[in-house]
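Structure assessment
Next come the chains, spelled out residue by residue.
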Amino acid sequence: QREEKIEQIKADFYTLFSLDNDPQKRGKHLEKVLNTLFLAYGVLVKEDFKRVDPDGSGIVEQIDGVVEITGHIYLVEMKWIKEPVGVDKISQHLVRIYGRPDARGLFIASNGYSDGAIAQCREALSQKTITLVTLQEIVYLLERQGNLVEFLNKKVQAATIDKNPYLEILS
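What comes next concerns the included structure. (Residues numbered from 1 in each chain as written. Predicted model: local features only at pLDDT ≥ 70, side-chain atom pairs only at ≥ 80, totals over all residues. Heavy atoms only, no water.)

**Quick word on the overall build of the chain**
- Scanning the chain from N- to C-terminus turns up 6 helices and 5 strands.
- Written out in order from the N terminus, the α and β elements of the chain read α-α-β-β-β-α-β-α-β-α-α.
- Scaling as 2.2 N^0.38, a compact globule of 171 residues should have a C-alpha radius of gyration of about 16 Å, and the chain matches this with 16 Å.
- Overall size of the chain, expressed as C-alpha extent along the three principal axes, is 45 × 40 × 30 Å.
- Within the chain, buried positions represent 46% of all 171 residues. (Helix = DSSP H or I, 4+ residues; strand = E, 2+ residues; numbered from the N terminus. Rg over C-alpha atoms; globule rule 2.2 N^0.38 Å. Buried < 20%, exposed > 50% of the residue type's maximum accessible area, 1.4 Å probe, protein only.)

Shown next as structure tokens:
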């Protein structure tokens, strides 16, 4: 049954590439596809949400998703942009993580990360666990029918033990 779900997720994922002319729609669809992938592996998910200022001044923050992996809560940020994710976008996510005492971070990007963004995450590892993933890694995982939880655990171990937030896993 999981294999059937994964095949449907792959099909849904590949349709994202036809949405180049509508980046906002593609981004929302990406969130749904990845949340479905997490659910297929039994990873607890809270889909995207916005925290609104109680004084009515608007949205305070927007979080793309929350997952629980091996008893740890990860705030998930997803970006499908043409260039590598830079320090500015990583910083925004780190602020959200630092604002929650026990939260960790998972960032999924379409085109990798700048050297500065990786360096900033490496520095943050002294206080918070953050793991960087690319869509290419997700594609390879789906193609080889790999285990998402094992994949994420390897990345978290690299971040925790080796202070490497961006262990690229393509096989």
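**Let's talk about the environment of Ser-126**
- If you trace the backbone, Ser-126 turns up in the loop between α4 (115-124) and β5 (130-134).
- Given the relative accessible area of 54%, Ser-126 is considered exposed.
- Sequence-wise, Ser-126 and Ala-159 are 33 residues apart; in three dimensions their C-alpha atoms are separated by 10.0 Å.

**Section: the packing of helix α1 (residues 2-15) against helix α2 (residues 23-40)**
- Look at α1 against α2: their axes get within 10 Å of each other, and the N-to-C directions meet at 165 degrees. It follows from the interaxial angle that α1 and α2 lie roughly antiparallel. Crossing hand, α1 versus α2: left-handed. In contact with Arg-2, Lys-5, Ile-6, Ile-9, Asp-12, Phe-13 and Thr-15 of α1, α2 contributes His-29, Leu-30, Val-33, Thr-36, Leu-37 and Ala-40.
- Across the contact of α1 with α2, the residue classes break down as 7 nonpolar, 3 polar and 3 charged. (Axes fitted to C-alpha atoms, helices over the stretch in contact; angles between N-to-C directions. Parallel < 35°, antiparallel > 145°, perpendicular 65-115°, else oblique. Left-handed = near helix turned anticlockwise from the far one by under 90°. Contact = heavy atoms within 4.5 Å. Nonpolar A, V, L, I, M, F, W, Y, C, P; charged D, E, K, R; others polar.)

**Some thoughts on the pattern of salt bridges**
- For the structure shown, the criterion picks out 5 salt bridges.
- One salt bridge connects Lys-79 with Glu-77, and the closest N-O pair in it is separated by 3.3 Å.
- When its relative accessible area of 5% is taken as the criterion, Glu-77 is described as buried.
- Across the salt bridge formed by Glu-77 and Arg-96, the nearest N and O atoms sit 3.4 Å from each other. Residue Glu-77 is found in strand β3 (residues 72-79), and its partner Arg-96 is found in helix α3 (residues 87-98); the two are separated by 19 residues along the sequence.
- Each of Glu-77, Lys-79 and Arg-96 takes part in salt bridges that share partners, so that together they form one network. (Salt bridge = Lys/Arg side-chain N within 4 Å of Asp/Glu carboxyl O.)

**A short note on the packing of α1 against helix α5 (residues 135-143)**
- Two elements in contact, α1 and α5, have axes separated by 10 Å at closest approach and are oriented at 145 degrees. Both α1 and α5 take part in a crossing whose hand is left-handed. For the pair α1 and α5, the contacting residues are Ile-6, Ile-9, Lys-10, Phe-13 and Tyr-14 in the first and Leu-135, Ile-138, Val-139, Leu-142 and Glu-143 in the second.
- Per-class residue counts for the contact of α1 with α5 are 8 nonpolar, no polar and 2 charged.

**A short note on the packing of aromatic side chains**
- Applying the stated criterion across every chain yields a total of 5 aromatic pairs.
- Ring centres 5.1 Å apart and planes at 65 degrees place the aromatic pair Phe-17 and Trp-80 in the edge-to-face group. On the criterion of sequence distance, the pair formed by Phe-17 in the loop between α1 and α2 and Trp-80 in the loop between β3 and α3 is long-range, its members being 63 residues apart.
- For Trp-80, a relative accessible area of 16% puts it in the buried group.
- Each ring, one from Tyr-113 and one from Tyr-166, has its centre 5.3 Å from the other, and the planes form 70 degrees; the classification is edge-to-face. Here Tyr-113, found in the loop between β4 (104-109) and α4, pairs with Tyr-166, found in the segment after α6 (148-162); they are 53 residues apart in sequence, far enough to count as distant.
- For Tyr-113, a relative accessible area of 8% gives the class buried.
- With a relative accessible area of 18%, Tyr-166 lands in the buried category.
- Within the aromatic cluster, the residues linked to one another by ring pairs are Phe-13, Tyr-14, Phe-17 and Trp-80. (Phe/Tyr/Trp six-rings, centres within 6.5 Å; stacked < 30°, edge-to-face > 60°.)

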